[in-house]
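Here is how the chains run, residue by residue.
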Amino acid sequence: MKLVITEKNDAAEKIAALLSEAGKPKKDKVYDTPVYRFTRDGEEWVTIGLRGHILAPDFPSELKFTNKQGWFAVSEEGEVLPADVPDGLPRPPFKKKKPFLEDGVDIKGWKVPSLPYLVWAPIEKLPAEKGIIRSLKNLAKKADSVVIGTDFDREGELIGSDALSQVLEVNPGVSVTRARYSAYTKGEIDHAFANLVSLDQDLADAGESRQYIDLIWGAALTRYLTMARFGGFGNVRSAGRVQTPTLALVVERERERLVFKPEDYWVIGGQASAKGSDQFKIAHAQGRFLDKKAAETAFSHVEGATGGTVTSVTKKQRTQRPPAPFNTTSLQAAAAAEGLSPARTMRLAESLYMDGLISYPRVDNTVYPPSLDLRATAKMLAGVPQYAPYVGQLLKASEIHATRGKQFDTDHPPIYPTGVGDPSKLEPAEWKLYNLVARRFLATLSDPAVIEGTKLQIDVAGEPFSASGDVLKVAGFRGIYPYGLKKDEQLPPLAEGDAVDVSDLVLTAKQTEPPARYSQGKLIQEMEKRGLGTKSTRASIIERLYTVKYLKNDPVEPSQLGMAIIDALHEFAPRITTPDMTSELEQDMTKVAQGTDTQGQVVYHSRALLAGMLDALIEHKDDLGEAIADAVTADARVGKCPKCGKDLVIKSSAKTRGSFVGCMGWPDCDVTYPLPSGVRYEALEGDAAVCPECGAPRIKCKPFRAKAYEICVNPKCPTNYEPDLKVGECKVCAAAGRHGDLIAHKSERSGKRFIRCTNYDECGVSYPLPARGKLMATNETCPECGAPMIIVETARGPWKKCVNMDCPTNERKTPARGRGRGGVTAKAAKKSAGATAGAKKSATKKSASASASKKAVSTSAAKKTAAKKPAAKRGTTKKAAPAE
């Protein structure tokens, strides 16, 4: 039996389908792990998908020391792990005061004195996916040969190497090969499995080096920053080897903006037109006037002018070359300009790759390999109606040549389309990205565009004015790739001496602008330029900085906390914040991949760099802690307390993990306000930040994938008031011989909405309601469970729903498509959801003979105990996770 190991279940299923010679592969399970069985060349094959990394690096709990063994740790399996701790660090015996033990140091607890030891602690690989490992070993025992089919990059090679280590534990002599591919197409997969190679252990070691180094730096710096000022509005202060210098880039740009001194200048502009033509913009030929008097003098000459004379016409053509093929960085930058964040772009690209629609999306290469049939790929795209006319013209050429970028390697080709995308079958964001990739590919095969620029010089009352416009004369690649193309600003056909009408001349005062903030796409490009991170990690690093609230908005802006952390680190350990050190370590890991350096030497070098910086940080822990505390308070502030005048800030509840607004004057001042769950919050500025009705702060709430809205944080404010609404009658009460009305109500204490029976204390009937949206009664009951039906009107339109969240009609919708390393596919989730819904519907049909009232009684009775809990604690939305 031949065993194929892939990175994800999707990949296992896809490869099995492409390799099978006898129909559809048979889906099976080994324990709880799906596998796919098929035959090829008369041999039995089995594919199994992992879930990304099945082994995870971690530190042991303690470091021990004896005179005989020196420093060491003991793994979970009892293996002794030597530790290369420098002689300068104190040794046992210690007094028993945490983190110090009598014979060693506790490095699992978060204590500042343990950090110098943590830097040198050994690392062990622990099972992260025990169920998959168990299934893998079961299959490996029976395998005659094994093929590693994980993605071909450092991380994929490491995942394959870790899986192989588990295979060799149970089948040491098994034959092992490696399949490398760049797309899930029949031709690509057949070629990869017909040309198997060996696993690249150097590449895997480079990936593992990154794992170890990032663990060491991340653990030490994150624990240090957290313990420097433990407490506040979400405790964990994340940091990392790449994350910190990336944040420093953003902070550096913000500092440039803050010290920027704007200069005043003045411009004179207006409109002009020729007979029968549209108006076009004109501006004084001097452009910016730095002297206000000179500007006013020039304007006095033309104020009220109604005509002018063309003094010269200049036309010049320029050629715009087609773009280079997409690699990961250029794809992320282009997608960011279209509204897709780099992290989301990579999730969408992974989904399209797994669906066989684009090639492998984590690449540096910008040169198509000779083996790629450009004409055949273009011809395939003719199957997309939007591209068909352009492709037809493109294929008329006897030869097709592609542009070449500056980066070339042989691991993977640039990103190109491998299948025909259908907008009706893809999510809108998926189609947007596929459309970008497909059009970029066709653009790289196209001719240059020719743009004609025209410049007019116009005399208006003795003052020189000018106008310019561009016209696309030869579309070339712009016929298929409009991204970044400015709208034609065509000027009328004018000649020297022609008269034009002039109007709307104005003198405008302006100021010079500070350097622009980075967009996420530009930040990705800057990270690549500075050697920060890799094509696979840059997007997730930026996403992480947003998650821990060091960054906000787009264009990217640092929070007060982000700026405080960089400023403090820059003062006490400046090298941590610069790209140089990180770039140096990246080069070290590249040497491991090339086989010119070893993993042990590179990791040791990294430990030594960090240890040298940590001493200065620990010495100034209190100084850094104060800076963090002030910054956190500034970021969390939403306004002034109407009772005592101190700051109101967003806090996290240690008990519920939810967020609320509380006064900094606590415990002397007890003013608190609840916050909606499941949304991100942003303080407002100026008049909008204070509620005109009650004086409490107003905030902006940003739900996930929904329109942002502004609210007053005071649930008792008249702006938050909603009148009670009768939505039906209580069937439980009716069955008991009494009358009860079901009333939709919004709590003035918590701001939550719910439906509750007027006899709630007796019947316990209550239902949660969506947090937002106008409610309307329908006077209808659900045919499935007998609960009331209501209409909720939102920005997306009205929708009718049953208020009983346990009703089969309220099955959760399928999550959005997309996959990441170790993710579950949307198709699998949809299938599972469908099976669950089917089972519930089947159960419902069996009890169809029962009356609607009996069903309502049954449902309510079963939940009676739970229903008596306060409705505010039974909402359907999850509490906001505590800030890190």
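Here we summarise the structure given alongside this text.

Parameters and conventions
- Residues numbered from 1 in each chain as written.
- Predicted model: local features only at pLDDT ≥ 70, side-chain atom pairs only at ≥ 80, totals over all residues.
- Heavy atoms only, no water.
- Pairing = 2+ DSSP bridges.
- Helix = DSSP H or I, 4+ residues; strand = E, 2+ residues; numbered from the N terminus.
- Axes fitted to C-alpha atoms, helices over the stretch in contact; angles between N-to-C directions.
- Core = buried A, V, L, I, M, F, W, Y, C linked by side-chain atoms within 4.5 Å.
- Buried < 20%, exposed > 50% of the residue type's maximum accessible area, 1.4 Å probe, protein only.
- Contact = heavy atoms within 4.5 Å.
- Expected span 1.5 Å × (residues − 1).
- Phe/Tyr/Trp six-rings, centres within 6.5 Å; stacked < 30°, edge-to-face > 60°.

### So, the sheet that holds strand β2 (residues 26-30)
Strands sit in the order β2-β3-β4-β1-β12-β13 across an open sheet of 6 strands; the sheet is mixed. What marks the edges here is a single partner per strand, and that holds for β2 and β13 (175-178). Between one strand axis and the next, the sheet turns by 25 degrees as a mean value, whatever way the strands run. Relative to strand β4 (residues 43-49), strand β3 (residues 33-40) runs antiparallel, the two being bridged by 6 bridges. By the bridge assignment, Arg 40 is partnered in β4 with Glu 43.

### Quick notes on the nonpolar core
Proteins that are soluble and globular tend to have nonpolar side chains buried together. Ranked by size, the top nonpolar core spans 80 residues in total, and within it Phe 59, Leu 63, Trp 71, Tyr 117, Trp 217, Leu 225 and Leu 617 carry the most contacts. When residues of this core are assigned to their parent elements, the largest contribution, 14 residues, is made by helix α6 (residues 201-228). Beyond its immediate chain neighbours, meaning those up to four positions away, Leu 617 contacts Leu 221, Tyr 224, Leu 569, Phe 572, Ala 573 and Ile 576. If you look at the next biggest cluster of nonpolar residues, it comprises 61 residues, including Ala 16, Leu 18, Tyr 184 and Leu 374.

### Considering the pairing of strand β17 (residues 449-460)
Buried residues dominate β17, accounting for 9 of its 12 residues. Here β17 runs beside strand β18 (residues 463-474); their pairing, made up of 11 bridges, is antiparallel. Within β18, the position partnered with Asp 459 by the bridge is Pro 464.

### A look at helix α10 (residues 342-354)
The end-to-end C-alpha separation of α10 is 18 Å, in line with the 18 Å expected for 13 residues at 1.5 Å each. In terms of burial, α10 is a largely internal element, 11 of the 13 residues being buried. All buried positions along α10 are accounted for by Pro 342, Ala 343, Thr 345, Met 346, Leu 348, Ala 349, Glu 350, Ser 351, Leu 352, Tyr 353 and Met 354. On its buried face, α10 is in contact with α1 (9-19), α9 (328-337), α13 (428-444), α14 (520-530) and α15 (538-547). Positive phi shows up at Gly 356, right after α10, with a value of about 75 degrees.

### A short note on unusual backbone geometry
The phi angle of most residues is negative, glycine excepted, and most peptide bonds adopt the trans form. Looking along the chain, the bond that leaves Lys 98 and enters Pro 99 is cis, with omega of 10 degrees. Note that Pro 99 resides in the loop between β8 (80-82) and β9 (100-101). Cis geometry marks the peptide bond from Asp 554 to Pro 555; its omega dihedral reads 10 degrees. For Pro 555, the position within the fold is in the loop between β20 (551-552) and β21 (557-558). In this structure, Asp 41 takes a positive phi of about 55 degrees despite not being glycine. Mapped onto the elements, Asp 41 comes out in the loop between β3 and β4.

### Considering the packing of aromatic side chains
The tally for this structure, following the rule as stated, stands at 15 aromatic pairs. Taking 6.4 Å as the distance between ring centres and 40 degrees as the angle between the ring planes, the aromatic pair formed by Tyr 416 and Phe 441 counts as tilted. Linking Tyr 416 in the loop between α12 (388-394) and α13 with Phe 441 in helix α13, this pair joins segments that are 25 residues apart in sequence. With respect to class, Tyr 416 is no different from Phe 441; both count as buried.

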